[in-house]
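Letter by letter, the chains look like this.
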Amino acid sequence: MSFAMPSGRSFGRRAATVLAAVAAVTVATALPALAHVTINPATAEQGGFTKVAFRVPNERDDASTVRVEVTFPTDHPLAFVSVKPVPGWTVKVTESKLPAPVKTEYGDLTEAVSTVVWSGGKISKGEFQEFEVSMGKLPEGVDRLTFPTRQTYSGGEVVNWADAPKTDGTEAEHPAPVLKLTPAAAKSAAPAATQAAASPAGAPSDAPRLVAASSASDGTARLLGGAGLAVGVIGIVVAVLALRRRSS
């Protein structure tokens with residue numbers, strides 16, 4: 001039994017077809033994830049302030065995004081929230097009374113930002129817009145903050161990005177933007193000089209020896225520099241005398 005080997009052109013066409021099919025499947029599965037409303041950057045440190053952007057892409061071919069409403073957490077309220085103006089858009093920040101006062105280093109917090117709404121602008125087909133917010137202080141001991149977002153289209157359709165992450169690790173159909181919080185980085189160690197100053201009385205210290213070595217090297221450098229200058233002056237004098245002798 002014999003098998004006919006495919007020609008070079010036939011093999012190339014088949015390979016190209018397979019690659020095109022794989023690419024199409026990859027793009028088809030990746031596009032929904034790219035089209036989600038997200039928060040960028042997606043991580044921040046606990047106990048600090050951060051600036052993020054809510055990135056809103058337009059997913060419709062026959063409508064534009066005309067309104068974006070972001071809901072802020074009330075279980076871990078943020079004492080300070082400010083927004084950056086977006087040309088062509090009007091922003092409305094709403095504060096609501098908290099179910100119970102929250103103790104902070106600035107005092108008891110009884111009200112906090114509950115929603116931020118951008119409207120009046122337009123995100124057209126194939127476009128996205130970023131809405132920037134500065135906020136803090138971020139809570140400590142919490143690993144994430146969730147910001148459910150409602151996206152309204154010009155045709156009246158409303159997409160509610162509010163699904164919680166699934167326990168099995170798969171992505172929800174309309175996941176809410178999530179800001180992951182990481183423990184604050186440890187403070188850097190104190191400088192060596194500070195550590196030496198804080199060392200117990202009688203403990204050996206390298207600081208005096210370092211200063212003495214520095215002074216000695218500085219004196220040596222000055223001595224060598226002076227000697228070099230003297231040699232240079234002597235050379236100039238000798239050259240001038242030689243020229244005079246030649247001219248005479």
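Keep in mind the model is a prediction, meaning the values are calculated, not measured.

## Comments concerning the overall build of the protein
For the protein, the helix and strand inventory stands at three helices and 12 strands. Taken over 248 residues, the protein has a buried fraction of 25%. Taking all contacts inside the protein whose residues are at least 6 apart in sequence as the whole, residues at least 24 apart take part in 71%. Total accessible area on the protein stands at roughly 16,800 Å², and carbon and sulfur atoms take up 60% of it.

## What about the environment of Thr-38?
Inspection of the secondary structure assignment puts Thr-38 in strand S1 (residues 38-40). Thr-38 sits 138 residues away from Ala-176 along the chain, and the two C-alpha atoms are 7.7 Å apart.

## Observations regarding a nonpolar patch on the surface
The grouping of Phe-49, Phe-80 and Tyr-106 at the surface amounts to a nonpolar patch, some 340 Å² of accessible area in total. By the element assignment, Phe-49 lies in the loop between strand S2 (43-45) and strand S3 (50-57). On the basis of relative accessibility, which here comes to 48%, the residue Phe-49 falls in the partly exposed class.

## Examining the pairing of strand S8 (residues 128-136)
Sheet topology note: the S3/S8 ladder contains eight bridges and is antiparallel. Counted as the bridge partner of Phe-54 is Phe-131 from S8. When strand S5 (residues 80-83) meets S8, the two strands line up antiparallel, connected through four bridges. The residue bridging Phe-80 from the neighbouring strand is Gly-136, located in S8.

## Observations concerning the nonpolar core
With 30 residues, the main nonpolar core has Phe-72, Trp-118, Phe-131, Met-135, Phe-147 and Leu-179 as its most contacted residues. Breaking this core down by element, the ones donating at least two residues are S3, strand S4 (65-71), strand S7 (107-123), S8, strand S11 (158-161) and strand S12 (178-182).

Criteria and cut-off values
- Residues numbered from 1 in each chain as written.
- Predicted model: local features only at pLDDT ≥ 70, side-chain atom pairs only at ≥ 80, totals over all residues.
- Heavy atoms only, no water.
- Helix = DSSP H or I, 4+ residues; strand = E, 2+ residues; numbered from the N terminus.
- Buried < 20%, exposed > 50% of the residue type's maximum accessible area, 1.4 Å probe, protein only.
- Contact = heavy atoms within 4.5 Å.
- Areas by Shrake-Rupley, 256 points an atom, 1.4 Å probe, with all protein chains shown as cover.
- Patch = residues over 30% accessible without salt bridge, like charges linked within 9 Å, V, L, I, M, F, W, Y side chains within 5 Å.
- Salt bridge = Lys/Arg side-chain N within 4 Å of Asp/Glu carboxyl O.
- Pairing = 2+ DSSP bridges.
- Core = buried A, V, L, I, M, F, W, Y, C linked by side-chain atoms within 4.5 Å.

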